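Chain and residue survey
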Amino acid sequence: MKNRFTILCLLLLVLPLSSFSQKAFQDGEWFKFRIHYGPFNASYATIGVKETSLNNKKVYHIVGKGKSTGLLHLFFKVDDNYESYVDKRTGLPYRFIRKIDEGGHTKDLQIEFDQDNNKAEVFDKKHNEKKTYTTEKNVHDMLSAFYFVRNDINPSNLSVGDELHLNMFFDKENHDFKLKFLGKEVLSTKFGKIATLKFRPYVMAGRVFKEQESLTFWISDDKNKIPVKIQADLAVGSLAADLEEFKGLKHQLKIIMN
């Protein structure tokens, strides 16, 4: 089972935007998600943000974690850690950390982004190797992209079928991440009914995903733009993730009362 989704599927919530402000989130915001693989409660994932500094620059330190639970942990251990240090002014990342153990498949990478010169220095700690890559302008990692979009997405400017793009650097490679807007939908959740925006990213078909349009996610159609639900058709089986807990939202979550 190629279950490399504990954090990854939660972090592909990205759109192309040109400015950054802290209007959707604040220091101390935190989410917890419950991940299902078929009928099994496979794992939990969390993601949170704290204000700090890096090299004398004010940044947001974003941390995403995922761990397998129950039966899955007995035969396929998942222990993932993702971190990003994002400039508070531009929303662009300075550092990205990916340390994972997924069924014995391990990675331990630290990426230092030079946004001024469009470079990324990748330190592969597992193999003690360093290499510098050329990136696209205003490049993002998975975590920085998630928070970047939440601040500036404007549903009134989106039409069903719109395709949006973002420059991303992941796993030592540049990616043109493409995302399609599918429309609006009201979801029933443990918190009540929530109005959402529905998106479908184009993913790489093959070993993990069944086809390019195998992943769908929903974010709240309010000032928070938080991820509410994710579904994925995998090469083997299916996966779903639901928002389980949250705290520290900058705005009250809008619940539909009827």
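Heads up: the structure comes first, above all this text.
Bear in mind that the values here come from a model prediction, so they are computed numbers and not experimental data.

About the criteria used
- Sequence order as written defines the numbering, with residues in each chain counted from 1.
- With pLDDT at 70 or above as the cut-off, local features in this predicted model cover only qualifying residues; side-chain atom pairs require 80 or more to be listed or tallied, and sums for whole chains, interfaces and linings still use all residues.
- Only hydrogens and water are set aside; all other atoms, that is, all heavy atoms of the structure, feed into the side-chain values.
- Only Phe, Tyr and Trp rings are paired, with Trp represented by its six-membered ring, and only when their centres lie within 6.5 Å; those with planes under 30 degrees apart are stacked, over 60 edge-to-face, the remainder tilted.
- Strands here are runs of E lasting at least two residues and helices are runs of H or I lasting at least four, both read from the DSSP assignment and numbered beginning at the N terminus.
- Residue exposure (1.4 Å probe, protein chains only): buried if accessible area is under 20% of the type maximum, exposed if over 50%, otherwise partly exposed.
- In these notes, a set of buried Ala, Val, Leu, Ile, Met, Phe, Trp, Tyr and Cys residues joined through side-chain atoms within 4.5 Å is what counts as a nonpolar core.

A few words now on the packing of aromatic side chains. With the rule as written, the count across this model stands at ten aromatic pairs. Ring centres of Phe25 and Tyr60 lie 5.0 Å apart, and the angle between their planes is 70°; this geometry places the pair in the edge-to-face category. With Phe25 in the loop between α1 (8-11) and β1 (30-37) and Tyr60 in strand β3 (residues 57-68), this pair connects stretches of sequence that are 35 residues apart. For the pair Phe25 and Tyr60, one class covers both residues: buried. Ring centres of Tyr133 and Phe169 lie 5.7 Å apart, and the angle between their planes is 50°; on these two criteria the pair is classed as tilted. With Tyr133 in strand β8 (residues 129-134) and Phe169 in strand β9 (residues 163-170), this residue pair connects regions lying 36 residues apart in the sequence. For Tyr133, a relative accessible area of 18% puts it in the buried group.

Turning our attention to unusual backbone geometry. Even without being a glycine, Asn138 presents a positive backbone phi close to 55°. Structurally, Asn138 can be placed in the loop between β8 and α3 (142-152). Of the residues examined, Asn138 reaches a relative accessible area of 41% and is grouped as partly exposed. Within the chain, Asp171 stands out as a residue other than glycine whose phi angle is a positive 55°. Positionally, Asp171 belongs in the loop between β9 and β10 (173-189). Residue class for Asp171 comes out partly exposed when judged on its relative accessible area of 26%.

Glancing now at the nonpolar core. When a protein is soluble and globular, its nonpolar side chains tend to lie buried together. Counting 53 residues, the largest nonpolar core has Phe31, Ile47, Ile62, Phe169 and Phe199 as its most contacted members. Considering every element that reaches this core, the biggest residue donor is α3, with six residues. One finds Leu54, Val59, Tyr94 and Ile97 within the second-largest nonpolar core, a separate group that totals five residues.

Here we come to the environment of Gly103. When you line up the elements, Gly103 lands in the loop between β5 (93-102) and β6 (105-114). Considering only alpha carbons, one finds Gly103 and Val78, 25 residues apart in sequence, at a separation of 6.2 Å.

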